[in-house]
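Descriptive structure summary
Each chain, written out:
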Number of protein chains: 2
Amino acid sequence: MSQLQKIQFYDIAGNCTDDHAWSPNTWKTRYALNYKGLSYRTIWLEYPDIERVCKEVGAKPSQEPKEGDSAPPYYSCPFIYDPNTNTAVSDSARIARYLDKTYPETPAVIPPGTDALHAAFESAFASAVIMPLLPILLPASHTYLNPRSQDHYRRNRERELGELFGGKLEDWSSPGPVREEQWRAIREGLSKVNAWMTVDGHEKPYVMGNQVCYADLFVAAWLVWVKRILGPQSSEWVELETWDGGRWGKLMKDMEQYEVVL
Amino acid sequence: MSQLQKIQFYDIAGNCTDDHAWSPNTWKTRYALNYKGLSYRTIWLEYPDIERVCKEVGAKPSQEPKEGDSAPPYYSCPFIYDPNTNTAVSDSARIARYLDKTYPETPAVIPPGTDALHAAFESAFASAVIMPLLPILLPASHTYLNPRSQDHYRRNRERELGELFGGKLEDWSSPGPVREEQWRAIREGLSKVNAWMTVDGHEKPYVMGNQVCYADLFVAAWLVWVKRILGPQSSEWVELETWDGGRWGKLMKDMEQYEVVL
């Protein structure tokens with residue numbers, strides 16, 4: 001890979017750790033880049049700058065507006081610019097497919113024929129696990145952003161989810177019974193995912209068996225968010241690592257080798 | 001296959017067509033048996049007899065009770081008894097895996113490594129499409145059952161879902177705005193599935209690309225339920241066939257060759 005120029009990987013800066021990396025959506029791409037051993041550098045952005053920089057490098061909105069939809073196009077991280085092919089790609093699943101195709105000598109993360117199954121996995125995981133995570137993790141993430149991003153983040157999250165979770169970010173996860181119930185829902189959701197990965201009574205280490213695929217990177221990206229935002233020593237994270245016979249703790253231990261931030 | 005004895009396939013009798021076949025869950029297994037070209041015969045049961053016959057042939061409950069769960073074990077169709085191996089198997093995904101493993105000269109429906117992705121697909125499809133189908137299709141299915149099954153079916157469905165959908169089966173899908181809204185939700189759900197099957201703008205004919213897999217049989221099983229219960233000439237079915245650029249009509253046309261009831 002040494003002759004190649006570094007891929008530019010655009011992420012949102014946070015301060016929960018020394019290395020700024022926190023966003024679950026961009027972790028999907030970081031894991032893919034690290035797992036493939038590709039050469040890249042991270043460019044840290046603030047929320048209000050994402051759309052402008054996307055346009056500068058030619059990255060499309062991450063969601064194409066639907067026919068008849070009057071909402072403005074939605075630009076978001078992650079996106080990449082690959083100087084080796086002069087190509088910009090947005091949306092983590094598209095980026096994974098692009099990297100599989102463009103660098104076929106690296107391990108594929110979405111094996112041929114599994115794109116739709118991966119998309120369905122994302123949808124099912126979102127209902128089971130991501131939705132229950134949001135009322136705890138979104139407010140906690142807000143506290144680690146830089147001030148310019150904080151305003152943008154609060155405005156958008158409270159507009160999108162304030163009605164569902166209860167007004168201002170600070171009120172989404174009251175300590176005590178509310179938080180305990182939210183935490184129980186997360187456990188229940190992960191236990192569903194564990195059941196998918198248990199075939200005729202045998203627990204498989206990864207979604208596709210013994211080999212890491214994009215769905216594992218996807219799961220790990222959401223869990224590393226929890227680990228980094230709540231803290232690896234927090235009682236909640238330590239408890240999560242033990243659930244489902246220690247599956248999630250084991251997965252995150254396996255993933256540590258791909259957690260480097262470049 | 002001619003030296004083999006016929007697999008016994010247990011299904012629930014209905015009267016919406018001449019051949020009794022209606023239940024979406026058992027259609028998953030019928031499609032798998034027909035797609036593989038295996039020799040089998042259908043044994044038609046009434047609901048109150050399922051548990052007894054399961055026990056007679058040694059088929060396990062389709063859902064293992066969870067630890068600490070006091071609910072009685074749940075026996076359901078489909079289940080099979082294979083006299084060639086003296087094995088009984090229940091639950092359509094388990095049956096598919098059993099058939100793939102026991103008859104490796106037939107086309108596999110769950111390719112190696114895709115079990116968990118298939119389970120996630122089922123979960124995502126259930127949220128997107130099956131839930132919206134229930135208030136229309138469950139009451140309509142009830143009318144085609146034999147009297148012994150009708151009582152059992154009404155009691156269980158109204159207990160499980162009456163609170164959600166509004167009391168007695170007859171009240172779940174009032175003609176007019178309620179039904180139109182339910183139908184719109186089904187369309188929206190199928191459109192999500194279409195999006196999963198559209199990769200970087202290219203629509204794939206089947207979930208895994210160009211080759212049928214269990215997820216396609218699964219989708220077809222739920223759609224053949226709609227086709228048979230509402231009727232292939234009904235305005236609702238005819239409309240559904242046109243959705244998503246005709247994808248669902250095309251799929252069901254492709255599946256007709258596996259729709260034989262033996």
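Since we're looking at a predicted model, the values are computed, not measured.

A look at the overall build of chain A
The helix and strand inventory of chain A stands at nine helices and six strands. Taking 18 Å as the expected radius of gyration for a compact globule of 262 residues, we find that chain A reaches 18 Å, a close match to that expectation. Along the three orthogonal principal directions, the C-alpha set of chain A runs to about 55 × 45 × 40 Å. By the burial criterion, 55% of the 262 residues in chain A qualify as buried. The long-range share in chain A, meaning contacts at least 24 apart out of those at least 6 apart in sequence, stands at 69%. Of the accessible surface of chain A, which amounts to about 11900 Å², a share of 50% is contributed by carbon and sulfur atoms. Both charge centroids of chain A, one from 28 positive and one from 35 negative side chains, sit 3 Å from each other.

Brief notes about the pattern of salt bridges
Opposite charge on two side chains permits them to pair, given that their charged atoms come into close proximity. Summed over all chains, the structure comprises 40 salt bridges over all chains. Across the salt bridge formed by Arg184 of chain A and Glu188 of chain A, the nearest N and O atoms sit 2.6 Å from each other. Of the two residues, Arg184 of chain A and Glu188 of chain A are both situated in helix α6 (residues 177-196); the distance of four residues between them amounts to about one turn of the helix. Since its relative accessible area comes to 40%, Arg184 of chain A is described here as partly exposed. Across the pair Glu160 of chain B and Arg157 of chain B runs a salt bridge whose closest N-O atoms are separated by 3.7 Å. Here Glu160 of chain B pairs with Arg157 of chain B, and both are found in helix α5 (residues 147-165), just three residues apart, close to one helical turn.

Looking at the side chain of Thr114 of chain A
Assignment of secondary structure puts Thr114 of chain A in the loop between α3 (92-102) and α4 (115-142). Residues contacting Thr114 of chain A, with those up to four places away along its chain left out, are Met208 of chain A together with Leu117 and Met208 of chain B.

A few points about the side chain of Gln8 of chain A
Residue and element names in this part refer to chain A. Within the fold, Gln8 resides in strand β1 (residues 7-12). Judged by relative accessible area, Gln8 falls into the buried class, the value being 17%. At 2.7 Å, the side chain of Gln8 forms a polar contact with the side chain of Tyr10. Sequence-distant contacts of Gln8, that is, excluding residues within four places in its chain, are made with Arg41, Ile43, Phe79, Ile80, Tyr81 and Pro83.

Considerations on the pairing of strand β4 (residues 87-90) of chain B
Pairing analysis gives four bridges linking strand β3 (residues 79-82) of chain B to β4 of chain B, with the strands arranged antiparallel. Counted as the bridge partner of Ile80 of chain B is Val89 of chain B from β4 of chain B.

Observations regarding the packing of helix α4 (residues 115-142) of chain B against helix α7 (residues 214-230) of chain B
All names here are of chain B. The contact between α4 and α7 brings their axes to 11 Å, and the two run at 5 degrees. Between α4 and α7, the interaxial angle falls into the category roughly parallel. Between α4, through His118, Phe121, Glu122, Phe125, Ile130, Leu133, Leu134, Ile136, Leu137, Leu138, Ala140 and Ser141, and α7, the contact on the second element is made entirely by Tyr214, Ala215, Phe218, Val219, Trp222, Trp225, Val226, Ile229 and Leu230. A breakdown of the residues in the contact of α4 with α7 according to their chemical character gives 18 nonpolar, two polar and one charged.

A closer look at the interface of chain A and chain B
Reports often express the size of an interface as the amount of accessible area lost when the parts come together. Every contact between the two is made by 20 residues of chain A and, on the other side, 20 residues of chain B. Summed over both partners, the interface of chain A with chain B buries about 1800 Å², with 67% contributed by carbon and sulfur atoms. Sorting the residues of chain A by area buried against chain B places Leu117, Trp196 and Asp200 of chain A first, and these three jointly supply 32% of that buried surface. If you look at where chain A meets chain B, you find four salt bridges. Ionic pairing is found between Arg94 of chain A and Asp200 of chain B, a salt bridge with its closest N-O pair at 3.5 Å. Among the secondary structure elements, those contributing two or more residues to the side of chain A that touches chain B are α3 and α4 of chain A.

Comments concerning the packing of aromatic side chains
Using the criterion set out here, one finds 30 aromatic pairs over all chains in the structure. Between the aromatic rings of Trp22 of chain B and Tyr153 of chain B, the centroid separation amounts to 6.3 Å while the plane-to-plane angle is 70 degrees, which identifies the pairing as edge-to-face. On the criterion of sequence distance, the pair formed by Trp22 of chain B in the loop between β1 (7-12) and α1 (24-36) and Tyr153 of chain B in helix α5 is long-range, its members being 131 residues apart. Across the pair, Tyr153 of chain B and Trp22 of chain B agree in class, each one buried. The interplanar angle of 75 degrees and the centroid separation of 5.6 Å between the aromatic rings of Phe125 of chain B and Phe218 of chain B together place this pair among those described as edge-to-face. In this pair, Phe125 of chain B is assigned in helix α4 and Phe218 of chain B in helix α7, connecting sequence segments 93 residues apart. For the residue pair Phe125 of chain B and Phe218 of chain B, the accessibility class agrees, reading buried in each case. Taken together, the aromatic side chains of Phe121, Phe125, Trp196, Tyr214, Phe218, Trp222 and Trp225 of chain A make up a single cluster linked through ring pairs. The ring centre of Trp27 of chain A lies 4.6 Å from the NZ or CZ of Arg30 of chain A, which sits over that ring.

A short note on unusual backbone geometry
Residues and elements named next belong to chain A. Each neighbour pair has its own omega, and for Cys77 with Pro78 the value is 5 degrees, a cis peptide bond. On the secondary structure map, Pro78 appears in the loop between α2 (50-57) and β3 (79-82). The phi angle at Asp200 is positive, at roughly 50 degrees, despite the residue not being glycine.

Some points on the domain arrangement of chain A
Residue and element names in this part refer to chain A. The domain boundaries assigned to chain A delineate domain 1 (7-102) and domain 2 (115-258). Here domain 1 and domain 2 have C-alpha centroids that lie 20 Å from each other. Tallying the contact residues gives 24 residues for domain 1 and 26 residues for domain 2. Interface of domain 1 and domain 2: buried area, both sides summed, is about 2500 Å²; carbon and sulfur atoms make up 60% of it.

Section: the sheet that holds β1 of chain A
All names here are of chain A. What the four strands build is an open sheet, ordered β2-β1-β3-β4; its pairing is mixed. Sheet topology places β2 (40-45) and β4 (87-90) at the edges, where each strand pairs with a single neighbour. Strand after strand, the sheet turns through a mean of 20 degrees between neighbouring axes, direction not considered. The sheet strands contacting α2 are β1, β2, β3 and β4, and the helix crosses β3 at an angle near 25 degrees. In the packing of α3 onto the sheet, contacts are made with β1, β3 and β4, and the angle to β4 comes to roughly 140 degrees.

Criteria and cut-off values
Residues numbered from 1 in each chain as written. Chains lettered and ligands numbered in written order. Predicted model: local features only at pLDDT ≥ 70, side-chain atom pairs only at ≥ 80, totals over all residues. Heavy atoms only, no water. Helix = DSSP H or I, 4+ residues; strand = E, 2+ residues; numbered from the N terminus. Rg over C-alpha atoms; globule rule 2.2 N^0.38 Å. Buried < 20%, exposed > 50% of the residue type's maximum accessible area, 1.4 Å probe, protein only. Contact = heavy atoms within 4.5 Å. Areas by Shrake-Rupley, 256 points an atom, 1.4 Å probe, with all protein chains shown as cover. Lys, Arg positive; Asp, Glu negative; His and termini not counted. Charge placed at Lys NZ, Arg CZ, Asp CG, Glu CD. Salt bridge = Lys/Arg side-chain N within 4 Å of Asp/Glu carboxyl O. Polar contact = N/O pair within 3.5 Å; in protein donor to acceptor, adjacent residues only side chain to side chain. Pairing = 2+ DSSP bridges. Axes fitted to C-alpha atoms, helices over the stretch in contact; angles between N-to-C directions. Parallel < 35°, antiparallel > 145°, perpendicular 65-115°, else oblique. Nonpolar A, V, L, I, M, F, W, Y, C, P; charged D, E, K, R; others polar. Buried area = accessible area lost by both parts, 1.4 Å probe. Phe/Tyr/Trp six-rings, centres within 6.5 Å; stacked < 30°, edge-to-face > 60°. Lys NZ or Arg CZ within 6 Å of the ring centre and 35° of its normal. Domains from an automatic or database assignment.

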